[in-house]
Amino acid sequence: MQLSLIKHQGCATPFLRHLLDFRVYQTRQRSQCCKIACTVIRHRWMKRAPVFCTHNTTNKMISTQADKENIDMSKFPVERIRNFSIIAHIDHGKSTLADRLLELTGAIATTDKNKQVLDKLQVERERGITVKAQTASLFYKYQGQTYLLNLIDTPGHVDFSYEVSRSISACQGVLLIVDANQGIQAQTVANFYLAFEAQLTIIPVINKIDLKNADPERVEKQIEKVFDIPTEECIRISAKLGTNVEQVLQEVVKRLPPGVVANIALFGGYLSKGDRIISAYLGKSYEVNELGLLRPDEHPTDRLYAGQVGYVIAGMKEVKEAQIGDTLYHQKHLVEALPGFKPAKAMVFAGMYPMDQSDYSALRSAVEKLTLNDSSVTVQRDSSLALGAGWRLGFLGLLHMEVFNQRLEQEYNASVIVTAPTVPYKAILSSAKLIKEHGKEEITIVNPAQFPDRSVVKEYLEPMVMGTIITPDDYIGKIMSICLNRRAVQKNMVYIDDHRVMMKYLFPLNEIVVDFYDLLKSMSSGYASFDYEDAGYQAAHVIKMDILLNGKPVEELTTIVHKDRAYSAGKAMCERLQDAIPRQMFEIAVQAAIGSKVIARETIKAYKKNVLAKCYGGDITRKMKLLKKQAEGKKKMRYIGTVQVPKDAFINVLKRKDK
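Residues numbered from 1 in each chain as written. Predicted model: local features only at pLDDT ≥ 70, side-chain atom pairs only at ≥ 80, totals over all residues. Heavy atoms only, no water.

Trainee: Just to check I follow, could you spell out the pairing of strand β12 (residues 276-279) for this structure?
Mentor: Put simply, side chains in a regular strand alternate between the two faces of the sheet. Relative to strand β13 (residues 285-287), β12 runs antiparallel, the two sharing 3 bridges. The residue of β13 that forms the bridge with isoleucine 278 is serine 285. Joining the antiparallel neighbours β12 and β13 is a turn of 5 residues, in which glycine 283 adopts a positive phi near 80°. Judged from the 3 bridges that link them, β12 and strand β18 (residues 328-330) form a sheet pairing that is antiparallel. Bridge assignment links isoleucine 277 to a residue of β18, and that residue is histidine 330. (Pairing = 2+ DSSP bridges. Helix = DSSP H or I, 4+ residues; strand = E, 2+ residues; numbered from the N terminus.)

Trainee: Looking at this structure, how should I read helix α9 (residues 398-412)?
Mentor: In a regular helix each residue adds 1.5 Å, so 15 residues correspond to 21 Å; α9 covers 21 Å between its end C-alpha atoms and thus fits that length. Of the positions making up α9, those classed as buried are Leu398, Leu399, His400, Met401, Val403, Phe404, Asn405, Gln406, Arg407 and Leu408. After α9 finishes, the residue asparagine 413 shows a positive phi value of roughly 55°. (Expected span 1.5 Å × (residues − 1). Buried < 20%, exposed > 50% of the residue type's maximum accessible area, 1.4 Å probe, protein only.)

Trainee: Can you walk me through the sheet that holds strand β21 (residues 388-395) in this structure?
Mentor: Within a sheet, adjacent strands bond to each other through the backbone by hydrogen bonds, running parallel or antiparallel. Reading across the sheet, the 4 strands line up as β20-β21-β19-β22 and stay open at both edges, with antiparallel pairing between neighbours. Single-partner strands in this sheet number two, and they are β20 (378-384) and β22 (416-418). With strand direction ignored, the average angle separating the axes of adjacent strands in the sheet is 30°. With 7 bridges connecting them, β20 and β21 associate as antiparallel partners. (Axes fitted to C-alpha atoms, helices over the stretch in contact; angles between N-to-C directions.)

Trainee: Hey, could you run me through the packing of aromatic side chains in this one?
Mentor: Both the distance between ring centres and the angle between the ring planes are used here to describe each pair of aromatic rings. A complete count under the given rule lists 14 aromatic pairs for this structure. Seen in terms of ring centroids, tyrosine 475 and tyrosine 527 are 6.4 Å apart; in terms of plane orientation they differ by 25°. Their pairing is stacked. Residue tyrosine 475 is found in the loop between β25 (457-472) and α11 (476-485), and its partner tyrosine 527 is found in the loop between α13 (516-523) and β28 (529-539); the two are separated by 52 residues along the sequence. Tyrosine 475 sits in the buried class, given a relative accessible area of 16%. Following the ring pairs from residue to residue traces out a cluster consisting of Tyr505, Phe507, Phe516, Phe530 and Tyr532. Here the guanidinium or amino end of lysine 426 rests over the ring plane of tyrosine 537, the centre of that ring lying 4.5 Å away. (Phe/Tyr/Trp six-rings, centres within 6.5 Å; stacked < 30°, edge-to-face > 60°. Lys NZ or Arg CZ within 6 Å of the ring centre and 35° of its normal.)

Trainee: What should I look at first to understand the nonpolar core in this one?
Mentor: Inside soluble globular proteins, nonpolar side chains tend to come together where they are buried. Residues Leu408, Ile469, Phe507 and Phe516 are the most contacted members of the largest nonpolar core, which totals 55 residues. Per element, the largest residue contribution to this core is 5 residues, and it comes from helix α8 (residues 360-373). Excluding anything up to four places from it in sequence, leucine 408 contacts Met352, Leu363, Ala366, Val367, Leu370, Asn413, Ala414 and Val416. Grouped together as the second largest cluster of nonpolar side chains are 27 residues, Tyr147, Leu151, Ile177 and Ile203 included. (Core = buried A, V, L, I, M, F, W, Y, C linked by side-chain atoms within 4.5 Å. Contact = heavy atoms within 4.5 Å.)

Trainee: So what exactly am I meant to see when it comes to unusual backbone geometry here?
Mentor: The backbone of glutamine 143 shows a phi angle near 55°, a positive value even though the residue is not glycine. If you trace the backbone, glutamine 143 turns up in the loop between β5 (134-142) and β6 (145-153). In this structure glutamine 143 comes out as exposed when scored by relative accessible area, which is 67%. For asparagine 244, which is not a glycine, the phi torsion comes out positive at approximately 60°. Its place among the elements puts asparagine 244 in the loop between β9 (235-236) and α7 (245-255). Look at asparagine 244 and you get partly exposed, because its relative accessible area is 38%.

Trainee: Hey, could you run me through the environment of lysine 571 in this one?
Mentor: When you line up the elements, lysine 571 lands in helix α14 (residues 566-580). Spatially, the C-alpha atom of lysine 571 lies 9.8 Å from that of valine 590, the residues being 19 residues apart in sequence. Once residues within four sequence positions are removed from consideration, lysine 571 is found in contact with Ala600 and Glu602.

Trainee: In this structure, what is going on with the side chain of glutamine 591? I would like to understand it.
Mentor: Turning to its location among the elements, glutamine 591 is positioned in strand β32 (residues 588-594). You can call glutamine 591 buried: its relative accessible area is 14%. In contact with glutamine 591, other than residues within four places in its own chain, are Asp546, Ile547, Leu548, Gly551, Cys574, Val598, Ala600 and Arg601.

Trainee: I'm lost on the environment of arginine 82 in this one. Help?
Mentor: Within the fold, arginine 82 resides in strand β4 (residues 81-88). A sequence separation of 171 residues divides arginine 82 from valine 253, and the C-alpha atoms of the two residues are 6.8 Å apart. Among the polar contacts listed, one links the side chain of arginine 82 to the backbone oxygen of glutamate 79, at a separation of 2.9 Å. (Polar contact = N/O pair within 3.5 Å; in protein donor to acceptor, adjacent residues only side chain to side chain.)

Trainee: Got a minute to help me understand the packing of helix α2 (residues 94-104) against α7 in this structure?
Mentor: Packed helix pairs are characterised by how far apart their axes lie and by the angle those axes make with each other. Remark: α2 packs on α7, axes separated minimally by 10 Å, with the N-to-C direction vectors making an angle of 85°. Between α2 and α7, the angle is such that the two are roughly perpendicular. Across the interface between the two elements, Leu97, Arg100, Leu101 and Leu104 from α2 touch Val245, Glu246 and Leu249 from α7. (Parallel < 35°, antiparallel > 145°, perpendicular 65-115°, else oblique.)

Trainee: For this particular structure, what's the right way to read the pattern of salt bridges?
Mentor: Any two side chains of opposite charge can pair, so long as their charged atoms come close to each other. Under the counting rule described, the total for this entry stands at 18 salt bridges. We note a salt bridge from arginine 236 to glutamate 220, for which the minimum N-O separation is 2.9 Å. One end of the pair, arginine 236, is in strand β9; the other, glutamate 220, is in helix α6 (residues 216-227), with 16 residues separating them in the sequence. Here glutamate 287 ties to arginine 276 by a salt bridge, and the two come within 3.8 Å at their closest N and O atoms. Separated by 11 residues along the polypeptide, glutamate 287 in strand β13 and arginine 276 in strand β12 bring together distant segments of the chain. Residue classification places arginine 276 among the partly exposed positions, given a relative accessible area of 35%. Put simply, Glu462, Arg487, Glu511 and Arg565 are held in one network by salt bridges that share partners. (Salt bridge = Lys/Arg side-chain N within 4 Å of Asp/Glu carboxyl O.)

Trainee: What's the story with the sheet that holds β9 in this structure? I'm lost.
Mentor: Strand order in the open sheet made by the 6 strands is β5-β6-β4-β7-β8-β9, with mixed pairing throughout. A single partner strand is all that each edge strand has here, and the edge strands are β5 and β9. In this sheet, β6 lies alongside β4 in parallel orientation, the contact comprising 6 bridges. Its bridge partner lying in β6, arginine 82 is registered against leucine 149. Across the sheet, α6 touches β7 (173-179), β8 (201-207) and β9, and the angle it forms with β8 is around 155°.

Right under this line is the structure:
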């Protein structure tokens, strides 16, 4: 028997499966006995939510207590299992549809309080977005047969596209949700091609048909023109009101091919309590102390069979022992580890340091736990003269970085300093000494402070992305202007209907990573949408710009800028730092420098006492002596004084005010 993230589909080659779910603690909460019509089995790393139960006259009533003893999961063969994801642009109704599906199958009570049921993180509730892909398995009765439907609700923002691609790899089909009012947006296109390239069955669903300005006919024509999907295959629904939602479940059963997605996938047998299993990643042996289903609380069973979603408690002492993508196998049957998920590629890097170095150990533990839950974050130890020991973290985007920081504060009560975000550059070295030191000619730079000097480099390379913008044609002129201002090159422009246009631009990643999305929304009154994908590297004339405070460089504010924009970028950063840094008792010189050359300067005036207040008339020399003495004191204070940079300044100083 082999236990892994990967599962065969018939005789096909192995493909990626969803996240392994191991509990590293054995405490659990029991739900009260009640009657339910279906069972929710959900992957959760966080603390379990209460069980939601409801009566449903359309399905057979099953007592929860009796269900614990009588339901035989081995009665669900592969032919009656469907695995699908819900994908869409942000705020097109994915989580609302998931709520209705849970209600329709009897998993939760039908009440007005059911909003974002699968979104359990506090940051998801506060921002109204999905950050982590969540799974829920439902029992659905159709034409006399009971089917096991494994559902994955995915994020919609471009920063979390890794969660979408990872979910798609665990499915045989997707529900592509499109807003009946807004129509196709940038992330709709990106998600479609992720599913299309994975050769999944795509069911288009037009949501929000109850809105006053809904135009499902127009959206159907967009889907047919852009995705080449016939209009008759589209399903019109209102997830908010529940209109036609049951048709979605029926089409999932009819259209999607059977398959298996599991937090635990078993090959050639079953897993029982007491079995000895070995981690292929760590080589450690564990005894299965308990196993069972998630409904969503733990529900112990004697065995788990292939194709079932569940949990295993195997005496793991630390969370890092439960590696996502690991292969587990019986102690007596050695196997080759199966491949895991394709690792995410970090697009934005930032330094993270504790507010107080005494909190370093606690913050390290918090970062380890959170990165296990969010494997798309890369971690590398770092240190700073000003901020002490910390980490250089890689994220998928700026929102991803903000959410990670917010989760640290909310879930682990951690207070951190996050430095200005940067993108990874590459340099082709010309110095034989450096090539020997690094072991290769081309190096990647994620920390601007380590940017090599031009004298030892043949060529610098900057990361590029292919951006897709979908907007009403009223805003084409404004959007073209800001794109050109960000050094973008237009590659394509096509009308997807009479009033909406899709534009493709090749952007330097550094030009869009901080505030481009916010600016685009502002310029288009919120109607434009934006998505991007990696487009490799290309040669660029970039240089390192240092920020000096009273002649001392602030490593955390060092940035990489294009040579043609160095002066304007340096002057803008100095002006914003002038506003961000509070006044002191001494004068502060804020300078931007390239090498030894200062290209911009602003001065923060000191608080000044009126030393002439006690002088009434008299000789001017007396006044001059007092002023000279004050100036000497200020000069001395400037040498020994320290300048504190507010932690929010590290991101705010990079935001541009394009017109």
